[in-house]
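Okay, here's what each chain looks like letter by letter:
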Amino acid sequence: MARMAGRRTLSAVPVLLAVTFGVFAVAALSPFDPVKAYAGTAGLTASQAELDQLRANLGVDRPFPAQWWDWLTSALTGDLGDSAVMRQPVADVIAERVGWSALLAGCAFAVAVLLGTLLGVLAARRQGGALDRAASGLAYTLEAAPAFWLGLLAVWFFSVRLGVLPSGGLTDAADDTVTLSGVASHLVLPALVLGVSQLPWFFLYVRQGVADALAEDPVRGARARGLSERRVLLGHGLRSGMLPMLTLVGSRVPELITGALLVETVFSWPGIAAATVTAATSVDFPLLAALTVLATAAVLAGNLLSDLLYGLADPRVGFDG
């Protein structure tokens, strides 16, 4: 296990280098001017000499390979640079927001896995039944529904029509104090929306995996020996049926990140969504590169986690093979 994790970590280094270089290359070709974004309305009346001086101060007057190399060498020492648009160190921008994004993504992931597994097992137990048809139809419908649309629908129904849950933010409009109960109530809607948007894939994988496992000879033998249906389902069908779902964990990380950005925007959740949009539209090189590295590292970690979970669940899979 340790050897495989080490190999994956080493192989991730060139990937991250290529990704950061690509970020600077794409940003250099972008039509957005970081100087005008930094200057704001003052840039409309500034002279060309002042804009050129500001460009030199920000370090965007040089070729992008030189900018990338300077950023990379500084990042290796722990200095991610300063965000020109946010007017603060990039490390502070990320530190203030990544925790809230991780909380939202973690809760949503738990909702998707738990509900998807529960519904998948119940549907596989009686394929073709009313629950199976209803859950499968709902899963295929949700599969085609964008996360932002689900978010807007949830706001309309639960916040506007019923008034039972807050529509967004981290605190109420009249309260600036962040409390545990306040965060929990404001987290319910975005976490449910993001979790439900990821639920179809987990449900379909578990349903098919458990159904295939229940049709295997060992399960028939267990039933013939007089084991209870519950023990057969949980002890044999669920364990074998969960193996395909474990490979889904890593592949859903990119979609989870993308969905989290959309859901955070809809619900005004104070995560990294706003910083990502601002960095992209303002061509904020240091912030954009750091956020891209963070997302890429999350995807690579998710893929590694899938392989580790699969190997632990199935002893026949070798970690060093």
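A brief report on the enclosed structure follows. What you see as residue numbers is a count from 1 along each chain, following the sequence as written. The predicted nature of this model means local features are confined to residues of pLDDT at least 70 and side-chain atom pairs, given and counted, to a pLDDT of 80 or more, with totals for whole chains, interfaces and linings taken over all residues. Remark: hydrogens and water are excluded; side-chain values derive from all non-hydrogen atoms of the structure.

On to the packing of aromatic side chains. Centres within 6.5 Å are what make two rings of Phe, Tyr or Trp a pair, Trp counting through its six-membered ring; a difference in plane orientation under 30 degrees is then read as stacked, over 60 as edge-to-face, and the rest as tilted. According to the stated counting rule, one finds six aromatic pairs in the structure shown. Judged by centre distance (5.7 Å) and plane angle (90 degrees), the rings of F109 and F202 are edge-to-face. Taken as a pair, F109 in helix α5 (residues 90-125) and F202 in helix α8 (residues 180-214) lie far apart in primary sequence, 93 residues in all. For F109, a relative accessible area of 26% gives the class partly exposed. Here's how the labels work: a residue is buried when its accessible area is under 20% of the maximum for its type, exposed when over 50%, partly exposed in between, all with a 1.4 Å probe on protein chains only. When its relative accessible area of 0% is taken as the criterion, F202 is described as buried. Centroid distance F157 to F158: 5.0 Å. Interplanar angle 90 degrees. Geometry classified as edge-to-face. Secondary structure follows DSSP: runs of H or I at least 4 residues long count as helices, runs of E at least 2 residues long count as strands, and numbering of each begins at the N terminus.

Across its 14 residues, helix α6 (residues 130-143) extends 20 Å between first and last C-alpha, which sits within 8% of the 20 Å expected from 1.5 Å per residue. Within the span of α6, buried status applies to D132, A135, S136, A139 and L142. The buried side chains of α6 occupy one side of the element, clustering within an arc of 130 degrees when seen end-on. Pointing more than 90 degrees away from the buried face of α6 are the exposed residues A130, R133, A134, L138, Y140 and T141. Looking at the buried positions of α6, the neighbouring elements they touch are α5, α7 (147-161) and α8. One less than the residue count of a helix, multiplied by 1.5 Å, gives the span that helix is expected to have. Starting at the helix axis, one direction is taken to each C-beta atom, and the arc is that of these directions. By definition in these notes, contact holds between two residues if any of their heavy atoms fall within 4.5 Å.

What follows deals with unusual backbone geometry. The phi torsion at S268 lies on the positive side, around 55 degrees, for a residue other than glycine. Secondary-structure assignment places S268 in the loop between α11 (253-267) and α12 (273-281). Given the relative accessible area of 51%, S268 is considered exposed.

A side-chain nitrogen of Lys or Arg and a carboxyl oxygen of Asp or Glu constitute a salt bridge if their distance falls within 4 Å. Across all of its chains, the model carries two salt bridges by this definition. A salt bridge links R97 to E96; the shortest N-O distance between them is 3.4 Å. Between D132 and R207 there is a salt bridge, with its nearest N and O atoms 2.6 Å apart. In this pair, D132 sits in helix α6 while R207 sits in helix α8, placing the two residues 75 residues apart along the sequence. In this pair, the class of D132 matches that of R207, namely buried.

The next thing to look at is the packing of α7 against α8. The geometry of α7 relative to α8 is characterised by a closest axis approach of 9 Å and an angle of 140 degrees between their N-to-C directions. One finds that α7 runs oblique with respect to α8. Crossing of α7 over α8 shows right-handed handedness. Across the interface between the two elements, A147, L150, G151, A154, F158 and S159 from α7 touch L189, V193 and S197 from α8. Lines fitted to the C-alpha atoms define the axes, with helices restricted to the stretch that makes contact. Angles between their N-to-C directions range from 0 to 180 degrees. Note on terminology: angles under 35 degrees are roughly parallel, angles over 145 are roughly antiparallel, angles of 65 to 115 are roughly perpendicular, and the others are oblique. If you view the pair so one helix is near and one far, a crossing is left-handed when the near helix is turned anticlockwise from the far one by less than a right angle, and right-handed when it is turned clockwise.

With that settled, consider a nonpolar patch on the surface. Taken together, the side chains of F148, W149, L152, L153, W156, F157, F158, V160, L162, V164 and L262 present a nonpolar region at the surface, about 1,000 Å² in accessible area. Here the nonpolar patch takes eight residues from α7, the largest share from any one element. Mapped onto the secondary structure, F148 falls in helix α7. Each patch groups residues whose relative accessible area exceeds 30% and which form no salt bridge, using 9 Å between like charges and 5 Å between nonpolar side chains of Val, Leu, Ile, Met, Phe, Trp and Tyr. To be clear on the numbers: accessible area is Shrake-Rupley with a 1.4 Å probe, and residue cover counts the displayed protein chains and nothing else.

As a further point, take the nonpolar core. Grouping buried Ala, Val, Leu, Ile, Met, Phe, Trp, Tyr and Cys residues that are joined through side-chain atoms within 4.5 Å yields what is termed a nonpolar core. Counting residues in each nonpolar core, the largest one holds 21 residues, and the members touching the most others are L104, V193, L194, V263, F267 and W269. At the level of secondary structure, the elements contributing two or more residues to this core comprise α5, α7, α8 and α11. No other element matches the six residues that α8 contributes to this core. Judged by nonpolar contacts, the second largest core, of 19 residues, contains V93, I272, A275 and A279.

Among the structural elements, A147 can be located in helix α7. Assessed through its relative accessible area of 10%, A147 is described here as buried. Along the chain, A147 and L194 lie 47 residues apart, while their C-alpha atoms are 6.7 Å from each other. Each residue touching A147, except ones within four places of it in the same chain, is listed here: V193, S197, G259 and V263.

Taken as a whole, the largest pocket spans an internal volume of roughly 600 Å³. Residue lining of the largest pocket: 24 residues in total, with A105, V253, I257, L294 and A298 positioned closest to the centre. When residues of the lining of the largest pocket are traced back to their parent elements, those giving at least two are α5, α11 and α13 (285-313). For the lining of the largest pocket, the element with the highest residue contribution is α13, accounting for nine residues. Residues are grouped as follows: Ala, Val, Leu, Ile, Met, Phe, Trp, Tyr, Cys and Pro are nonpolar; Asp, Glu, Lys and Arg are charged; every other residue, Gly included, is polar. Split by residue class, the lining of the largest pocket holds 18 nonpolar, five polar and one charged. Cavities and pockets were defined on a 1 Å grid built from protein atoms only: a cavity is a group of points that admits a 1.4 Å probe but offers it no way out, a pocket is an open group of points flanked by protein on both sides within 12 Å along at least five of seven lines, and a lining residue is one with an atom within 4 Å of any such point. Grid points are joined across faces, edges and corners, and a volume is the space filled by probe spheres set on the points.

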